[in-house]
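# Structural overview for review
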Amino acid sequence: MPSSTRPPDVVTRQRTVRRRQSLRGLAFASPFLVGFAIFIAWPVAASARYSFTDFNLFQPPHFVGLANYRQMLHDDVFWKSLTNTLYLTVIGVPVGLVLSLGGALILNRPVRGQPLFRALVYLPTIVPIVVSGYLWRWLLNPQYGYIDELLRLLHLPQPLWLDNPAWGKPAILLVTLWTVGGMTVIFLAALRNVPKDLYEAAAIDGAGPIARFWHVTWPMISPVTLFQVIVSTIAYLQVFTQPYLLAQTRLNTSSGGPENSMLSYSMYLFQNAFVYLKMGYASAMAWVLFLVTMAVTALILLNAKRWVHDGSH
Amino acid sequence: MKARNRLRTIVMAAAAISLGLTTAACGSSGGSSSSGRTTVTFSYLWSGDEAKSLEKIITDFNASQNKITVVGVSSPDFQKQLASMSSSKGSFDISDNFGNAVGSWASKGILAPLDSYVQADKLDTSDFVPAALNQMKYNGHIYSLPIAVHDFELLYNKTEFAAAGISSPPATMDELATDIAKLTKVDKDGNITQLGLGNPDTGTTLTTLGYAFGGTWDGPGGTTPSPDNPANIAAVQFYQQNITDKYGAAKVAKFTAGWGQYMSAQDPFYTGKVAMVIDGEWQPVSIPNTAAKLQWGVANIPVPADQPNLAGTTQLTASTLFIPANAAHKQAAFEFMKYLTGPVGMAEFTKSLGNLPARTSLLDSNTYASIPQFSTWLQNLKSPNVHALASQPYSQQYATDLANAFKSVLDGSKTPQAAMASVAADAKQYPAS
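These numbers come from a predicted model, not from an experiment.

## Things to note about the pattern of salt bridges
Residues and elements named next belong to chain B. Applying the stated rule across the entire model yields 10 salt bridges over all chains. One salt bridge connects Arg359 with Asp127, and the closest N-O pair in it is separated by 3.1 Å. Placement of the pair is Arg359 in the loop between α14 (343–353) and α15 (375–380) and Asp127 in the loop between α5 (115–120) and α6 (130–135), with a sequence separation of 232 residues. Across the pair, exposure class does not vary: Arg359 and Asp127 are buried alike. Through salt bridges with shared partners, one network takes in Lys56, Asp60 and Glu348.

## Regarding the domain arrangement of chain A
Residue and element names in this part refer to chain A. Here chain A is partitioned into domain 1 (2–50) and domain 2 (68–304). The C-alpha-based centres of domain 1 and domain 2 are spaced at 41 Å. Across the contact, 4 residues belong to domain 1 and 4 residues belong to domain 2. Carbon and sulfur atoms supply 57% of the area that domain 1 and domain 2 bury against each other, a total of about 330 Å² over both sides. Among the residues domain 1 hides against domain 2, the three largest losses belong to Ser47, Ala48 and Tyr50. Together they make up 87% of the total. Counting every contact that joins domain 1 to domain 2 gives 0 salt bridges. On the surface where domain 1 and domain 2 come into contact, there are 1 residue pair in polar contact (both at pLDDT 80 or more). In terms of residue class, the side of domain 1 that touches domain 2 is built from 3 nonpolar, 1 polar and no charged.

## Observations concerning the packing of aromatic side chains
All chains considered together, the criterion is met by 33 aromatic pairs over all chains. A centroid spacing of 6.4 Å and a plane angle of 40 degrees characterise the contact between Phe213(A) and Trp218(A), whose relative ring orientation is tilted. Owing to a relative accessible area of 18%, Phe213(A) belongs among the buried residues under this scheme. Here the aromatic rings of Trp105(B) and Phe322(B) are separated by 5.5 Å at their centres, their planes lie at 85 degrees, and the arrangement is edge-to-face. Placement of Trp105(B) in helix α4 (residues 102–107) and of Phe322(B) in strand β11 (residues 314–322) is noted, with a sequence separation of 217 residues between them. With relative accessibility at 5%, the residue Trp105(B) sits in the buried group. Each member of the aromatic cluster is reached from another via a ring pair, and the members are Phe42(B), Tyr44(B), Phe61(B), Phe336(B) and Tyr339(B). When the ring centre of Tyr87(A) is taken as reference, the NZ or CZ atom of Lys169(A) above it lies at 5.3 Å. The ring of Phe128(B) has Arg359(B) lying over it, and the distance from NZ or CZ to the ring centre is 4.6 Å.

## Let's talk about helix α12 (residues 283–290) of chain B
Residue and element names in this part refer to chain B. Every buried residue of α12 is listed here: Gln283, Pro284, Ser286 and Ile287. For α12, the angular spread of the buried residues around the axis is 160 degrees, confining them to a single face. Against β6 (145–157), β9 (274–280), β10 (296–299) and α15 lie the buried residues of α12.

## Here we look at the confidence of the model for chain B
All names here are of chain B. Model confidence for chain B is summarised by a mean pLDDT of 90, while 92% of its residues fall at 70 or above. For residues 21–32, every residue scores under 50 in pLDDT, and the model assigns this stretch 5 contacts once sequence neighbours within four places are set aside. The ipTM value of the predicted complex is 0.77, and its pTM value is 0.83.

## Some remarks on helix α9 (residues 202–212) of chain B
All names here are of chain B. Here α9 lies mainly inside the structure; 9 of its 11 residues are buried. Considered for burial, the residues of α9 that qualify are Thr204, Thr205, Leu206, Thr207, Thr208, Leu209, Gly210, Tyr211 and Ala212. Gly214 occupies a position one or two residues after α9 and carries a positive phi of about 95 degrees.

## With respect to the interface of chain A and chain B
In many reports, interface size means the accessible area that the parts give up when they come together. Between chain A and chain B, the residue contacts involve 34 residues of the former and 32 residues of the latter. Across the interface of chain A and chain B, roughly 2800 Å² is buried in total on both sides, 56% from carbon and sulfur atoms. Our count for the contact surface shared by chain A and chain B stands at 0 salt bridges. Counting across the chain A and chain B interface gives 6 residue pairs in polar contact (both at pLDDT 80 or more). Secondary structure elements with two or more residues in the side of chain A that touches chain B: α1 (8–50) and α12 (265–275) of chain A. Here the side of chain A that touches chain B gets 6 residues from one element, more than from any other, and that element is α1(A). In terms of residue class, the side of chain A that touches chain B is made up of 17 nonpolar, 10 polar and 7 charged.

Rules of the game
Residues numbered from 1 in each chain as written. Chains lettered and ligands numbered in written order. Predicted model: local features only at pLDDT ≥ 70, side-chain atom pairs only at ≥ 80, totals over all residues. Heavy atoms only, no water. Salt bridge = Lys/Arg side-chain N within 4 Å of Asp/Glu carboxyl O. Helix = DSSP H or I, 4+ residues; strand = E, 2+ residues; numbered from the N terminus. Buried < 20%, exposed > 50% of the residue type's maximum accessible area, 1.4 Å probe, protein only. Domains from an automatic or database assignment. Contact = heavy atoms within 4.5 Å. Buried area = accessible area lost by both parts, 1.4 Å probe. Polar contact = N/O pair within 3.5 Å; in protein donor to acceptor, adjacent residues only side chain to side chain. Nonpolar A, V, L, I, M, F, W, Y, C, P; charged D, E, K, R; others polar. Phe/Tyr/Trp six-rings, centres within 6.5 Å; stacked < 30°, edge-to-face > 60°. Lys NZ or Arg CZ within 6 Å of the ring centre and 35° of its normal. Arc of directions from axis to C-beta. pLDDT = per-residue confidence, 0-100.

What follows is the structure, encoded as structure tokens:
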């Protein structure tokens, strides 16, 4: 019965009920909404304001306009940290995808002990990140570490890893790629969802394993691949813990490794905020990172139309 | 239906109230007085045995008077310390840090100035070691008092000296260079097995050598970074020529990467991997406990043969006590600070930690007689050639840039001149003193 034909008292009662239901819903959602407003929305808005100020956390912020953003243009360490981060992203994302997808394809085969292999692949992901960071410091030790010991046995060059500017970023990539198990498990779930009749139809048409991968598997898992690319890219653009721990020389001091070769963008942001107490500059860096991340994500999504199969045909 | 609605309303109200109470509870802090005594919270960075020694002194202070109760909290986390001082109501009334942070923190309003308390109590600051007291000041005001100071001497392994035929420790840089060569051992594959001069901390070793060559890191007035001072470059060049270039940066890096933890049983000086180190006065306390069989000696840091006037040069660092600007009980905190930095408290504290007293009147005290070879460090504080890095707003950024520059020299990627020139260029962006 439309509201225009209902008696007025019924319409009022229904509006009251709906309002009460809305208020109840808001009340139950209020802990999250209050928490979001206090711990996320307010700090984000505050950092936008601080990015236009000279602020050391202990004295009132002093408005300086675009000075922090202009300073970035002339700050060599800023560009070094950005270059380091883009290096890690451009290499780490595709290598991580190849390793995780390759691992998932292998794990998808019906072999004995498959649950054990799956668990082993996922195990590095559940090791606490700080513990694994310190373990890797010793694994990569050029004197006693097992990595160089293995390279020595194989008669390969043994780099100085954390003490050589050329090998600092590869060391970081080793540590981050060690945890591709998380992505592998997601790809494995996607592979399990590919309808088997598509493979049968392809096999009947004479498609070999590679053709079946390119024409069946790859398009069918492409939405998951897109998700992995975006999430992995964002993670690399924000990478902090692994390079921070690997480059650390003494407790309670921050180091960027030899010639700042291991200084990621987030590490330099942390240094500016909590070591030099330049909160305004650090806030500006945070917003630049946000814009760079948005731009890169938008580029990926625009490009995705060419290779992501949406399942409509 | 009505009963269910009422119950829902009660549940929602209870949830909202508990959320409000939880949020309010997060903002509360201690420091309230009880039994007429003011409670002063002392959050300190020391831990382990050093914290135990400090707690004993706190107990003694509490027992010596009936107006103040000091509660000690061991919190060796710089970030947590800084975060606490950024809120309007602090969680502690007094804490400690190092002298080179004073200028940076004072310029940002983090520290409470102590001039009014010092003047009101007529505290005589002339007894403090001059280089230490200078670090406590910013723009002519006192912001900290030193509880202990540290200086650096040349420690050497007597057994290795005897094996290399060296009869006495080096007094000049030429002798040091000769001894480094005699004491560095390389195996048949070219890998270093013993290094003549070790490096517990690159920044400290090279800045101290800079002073020993007659240089200065903060300009003649102590307010302007001067990394490219020619004597500083000569010092870094000395290290590069006698160690890095001579034995190969990669070989040295590989050797140092395998060192055990500093001051543990696997410390490279304790285990004979390095024959000499430039290190601080805590070693005479640590070595008998950790490496009792080590035969070691100590001497003043060598100086250039043509500059004997530089004899006794050393670098001083200070452990300081400060009162944050947001402390609730500043006067009471200053009373405790006076006790800790007074002759009695300072002697007890520095003896138990194996640190040097910051008061010149304690340098000849018998308190430290039981610590082996401690007198070399003690007596060096009387030298006119005791230097300290400036405590200026730029100090922390300067320390980071110097550390990066030193590393680039040690890994062979930059010459000392280029490395120091790059720091000088960066220094133009530092905040003004």
